[in-house]
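Remarks on the overall topology
The chain contents come next:
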Amino acid sequence: MPYIYSSKIIKMYPNNYVVANVSELERATFYKKTYQHVALAILSFILVESLLINLISPHIIMGMLGSKFTWLAIIGLFWLGGMLCDKLVVSTSKNTQYMGLALYVVLEAVIFLPMIYMALLFSDGAALIQQAGLVTLFMFGGLTAVVFMTNTDFSFLRTALVISGFIALGLIVAGAIFGFDLGLWFSVAMVLIASGSILYQTSQIKYQYSTDQYVGASLQIFASVMLLFWYILRIFMSRRD
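Residues numbered from 1 in each chain as written. Predicted model: local features only at pLDDT ≥ 70, side-chain atom pairs only at ≥ 80, totals over all residues. Heavy atoms only, no water.

1. With respect to helix 2 (residues 24-55)
Here helix 2 contains 32 residues, and its C-alpha end-to-end distance of 46 Å stays within 8% of the 46 Å for a straight helix at 1.5 Å per residue. Among the residues of helix 2, Arg27, Phe30, Tyr31, Thr34, Tyr35, His37, Val38, Ala41, Ile42, Phe45, Glu49 and Leu52 are the ones counted as buried. Tucked inside the fold, the buried residues of helix 2 contact helix 5 (94-120), helix 6 (125-150), helix 8 (183-208) and helix 9 (214-238). (Helix = DSSP H or I, 4+ residues; strand = E, 2+ residues; numbered from the N terminus. Expected span 1.5 Å × (residues − 1). Buried < 20%, exposed > 50% of the residue type's maximum accessible area, 1.4 Å probe, protein only. Contact = heavy atoms within 4.5 Å.)

What follows is the structure, given as structure tokens:
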């Protein structure tokens, strides 16, 4: 699921043109391009997910959850794919950067596929997904506004995010192996972690990227948004059980 990649704290990329050291106009341009690409990634995810739902057999979709080892293998491939995307989006080639972002969108669409399909089985499934999406976007917008309006440095969240990330990953793997449900409160905790990740990454991208690395910055933000959406949707679905 999305947490495996988005929990990773991104590396520093020393550069004379790092966003924190440029003019206000150049910084504003960087942020504009970054969030335009986040919006593009979200729209692309919706399109790819819709295509997968309509083109792939329900038997194959549910087969992704057929056994604990199948799902663990999918999680492992998602993690490896995320690492590859991380390498691609910091390339000096813009084409390679876009390839990394596009690949990550596809990876997200694939790993979301079983949950989106199961959500659609509810009588109000489409509305349920839309509601979870709207709540995600409102929360993302609010968290982003907090960072930019208060100009707060959220770097103090780094240690907590790393520790909680390893704990959550261990619980997810244990749940998959031993077949126990992590429950509603785990999803609530993960929403808080995803929110912290958005605060951290939004406040830190100006120190970690140069002005021409907006594609890489957008991938990090997109990954956290998808993590948030994953667990908000799980909470909404748990209310229908």
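2. A closer look at the confidence of the model for the chain
The predicted coordinates of low-pLDDT regions are not to be read in fine detail. Averaged over every residue, the pLDDT of the chain is 85; residues scoring 70 or more account for 90%. Of all secondary-structure elements in the chain, the lowest mean pLDDT belongs to helix 1 (residues 3-6), at 44, while helix 2 reaches the highest, 93. Contacts from residues 3-16, a stretch scored under 50 in pLDDT, to residues over four places away or in other chains number 46 contacts. (pLDDT = per-residue confidence, 0-100.)

3. A few points about the packing of helix 6 against helix 9
Two elements in contact, helix 6 and helix 9, have axes separated by 9 Å at closest approach and are oriented at 135°. Here helix 6 is positioned oblique relative to helix 9, judged by the angle of their axes. Pair helix 6 / helix 9 crosses with right-handed handedness. Note on element contacts: helix 9 touches helix 6 through Ile221, Val225, Leu228, Phe229, Ile232, Leu233, Phe236 and Met237, opposite Leu128, Ile129, Gln131, Ala132, Gly133, Val135, Thr136, Met139 and Phe140. Each residue belonging to the contact of helix 6 with helix 9 can be placed in one class, and the counts come to 14 nonpolar, three polar and no charged. (Axes fitted to C-alpha atoms, helices over the stretch in contact; angles between N-to-C directions. Parallel < 35°, antiparallel > 145°, perpendicular 65-115°, else oblique. Left-handed = near helix turned anticlockwise from the far one by under 90°. Nonpolar A, V, L, I, M, F, W, Y, C, P; charged D, E, K, R; others polar.)

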